[in-house]
Amino acid sequence: MVEYGGGISHGPAGQVGGGGGAGSSGAGVHVDFFGSIGNTIHDVTNTVLAQPPEILAIGIVLFFLGLIVLKRAF
């Protein structure tokens, strides 16, 4: 990222930030099991939106065909 000007915002080259390598798996650490749901939705949305229009059109057609099949099944 240095080519695009990102090197200055992250400090001098070779400098490492962080907590000194202490792990976060000790006792008393709060673990949020559902904290990654938002990240998963964000990733899926980005993946779908990055597809070419032809793939999106096929996906929409398949979605509605699936709805018709479900309607007939019930």
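Please read all numbers here as calculations on a predicted model, not as lab measurements.

Draft legend 1. Quick peek at the overall build of the protein. Helix and strand counts for the protein come out as three helices and zero strands. Tracing the protein from N to C terminus, the helices and strands come up as α-α-α. The burial tally for the protein puts 3% of its 74 residues in the buried class. Accessible surface, the protein as shown: approximately 7000 Å² in total, 68% of it carbon and sulfur.

Draft legend 2. Inspection of the confidence of the model for the protein at higher detail. Of the residues in the protein, 62% reach a pLDDT of 70 or more, and the chain-wide mean stands at 78. Summarising per-element confidence for the protein, the mean pLDDT is lowest in helix H1 (residues 6–9) (59) and highest in helix H3 (residues 53–73) (95).

Draft legend 3. Representation of the environment of Leu 56 within the structure. Its place among the elements puts Leu 56 in helix H3. Setting aside its immediate chain neighbours within four residues, Leu 56 contacts Val 48 and Gln 51.

Draft legend 4. Summary view of a nonpolar patch on the surface. The grouping of Val 29, Val 31, Phe 33, Phe 34, Ile 37 and Ile 41 at the surface amounts to a nonpolar patch, some 660 Å² of accessible area in total. Turning to its location among the elements, Phe 33 is positioned in the loop between H1 and helix H2 (37–49).

About the criteria used
- Residues numbered from 1 in each chain as written.
- Predicted model: local features only at pLDDT ≥ 70, side-chain atom pairs only at ≥ 80, totals over all residues.
- Heavy atoms only, no water.
- Helix = DSSP H or I, 4+ residues; strand = E, 2+ residues; numbered from the N terminus.
- Buried < 20%, exposed > 50% of the residue type's maximum accessible area, 1.4 Å probe, protein only.
- Areas by Shrake-Rupley, 256 points an atom, 1.4 Å probe, with all protein chains shown as cover.
- pLDDT = per-residue confidence, 0-100.
- Contact = heavy atoms within 4.5 Å.
- Patch = residues over 30% accessible without salt bridge, like charges linked within 9 Å, V, L, I, M, F, W, Y side chains within 5 Å.
- Salt bridge = Lys/Arg side-chain N within 4 Å of Asp/Glu carboxyl O.

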